[in-house]
Amino acid sequence: MLIPKHAKLSEKEKAELLEKYNITLKELPKILKDDPAIAHLDVKNGDVVKITRRSPTAGEAIFYRGVINV
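An account of the accompanying structure is given in this report. These numbers were taken from a predicted model, which means no experiment stands behind them.

1. A word on the environment of E60
Position of E60 among the secondary structure elements: in strand β4 (residues 59–68). For E60 and E19, which are 41 residues apart along the polypeptide, the C-alpha to C-alpha distance reads 23 Å. If sequence neighbours within four positions are ignored, E60 has contacts with T52, R53 and S55.

2. Some thoughts on the pairing of strand β3 (residues 48–55)
Relative to β3, strand β1 (residues 5–8) runs antiparallel, the two sharing 4 bridges. Bridge pairing in β3 places K5 opposite T52. As paired elements, β3 and β4 share 8 bridges and run antiparallel to each other. Bridge pairing links K50 to Y64 in β4. With antiparallel pairing between neighbouring strands as the criterion, β3 and β4 make up a hairpin whose turn holds 3 residues.

3. What about the sheet that holds β3?
Spatially, β1-β3-β4-β2 is the arrangement adopted by the 4 strands of the open sheet, whose pairing is mixed. Of all the strands in the sheet, just β1 and β2 (30–32) have a single pairing partner and so form its edges. On average, each strand axis in the sheet is tilted by 40 degrees relative to the strand beside it, whichever way the strands run.

4. What about helix α1 (residues 11–20)?
Listing the buried residues of α1 in full gives K14, L17 and L18. Summarising the axial view, the buried residues of α1 lie within an arc of 95 degrees, below the 170-degree limit, and thus occupy one face. Within α1, the exposed residues directed more than 90 degrees away from the buried face are K12, E19 and K20. Considering only its buried residues, α1 is in contact with β3 and β4. Within two residues after α1, N22 carries a phi angle of roughly 50 degrees, on the positive side.

5. Things to note about the side chain of R65
By the secondary structure assignment, R65 is in strand β4. With no salt bridge to any partner, buried R65 finds its closest opposite charge in D35, at an N-O distance of 8.4 Å.

6. Comments concerning the nonpolar core
In globular proteins that are soluble, nonpolar side chains generally tend to be buried together. Membership of the largest hydrophobic core is limited to 7 residues, which are I31, I38, L41, V43, V49, I51 and V67. Ignoring sequence-local partners within four residues, the contact set of I31 consists of H6, I38, R65, G66, V67 and I68. Counting residues in hydrophobic clusters, the runner-up holds 5 residues, among them L9, L17, L18 and L28.

Rules behind the numbers
Residues numbered from 1 in each chain as written. Predicted model: local features only at pLDDT ≥ 70, side-chain atom pairs only at ≥ 80, totals over all residues. Heavy atoms only, no water. Helix = DSSP H or I, 4+ residues; strand = E, 2+ residues; numbered from the N terminus. Contact = heavy atoms within 4.5 Å. Pairing = 2+ DSSP bridges. Axes fitted to C-alpha atoms, helices over the stretch in contact; angles between N-to-C directions. Buried < 20%, exposed > 50% of the residue type's maximum accessible area, 1.4 Å probe, protein only. Arc of directions from axis to C-beta. Lys, Arg positive; Asp, Glu negative; His and termini not counted. Salt bridge = Lys/Arg side-chain N within 4 Å of Asp/Glu carboxyl O. Core = buried A, V, L, I, M, F, W, Y, C linked by side-chain atoms within 4.5 Å.

Structure (structure tokens):
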């Protein structure tokens, strides 16, 4: 209940996101591959995770994070 929804983007969705905002993967905020919140997603280095959080003002806020190994 306290952890927001995390979803792995497909390669097509990832390409569309990067093109839409005219950014590279390195410019996205990072999330560690070993983060417990994304352990169930089977992610690898270079994937993009979409995080959907509840917001009292906006109703729903969406954030994107690039997966890294460290």
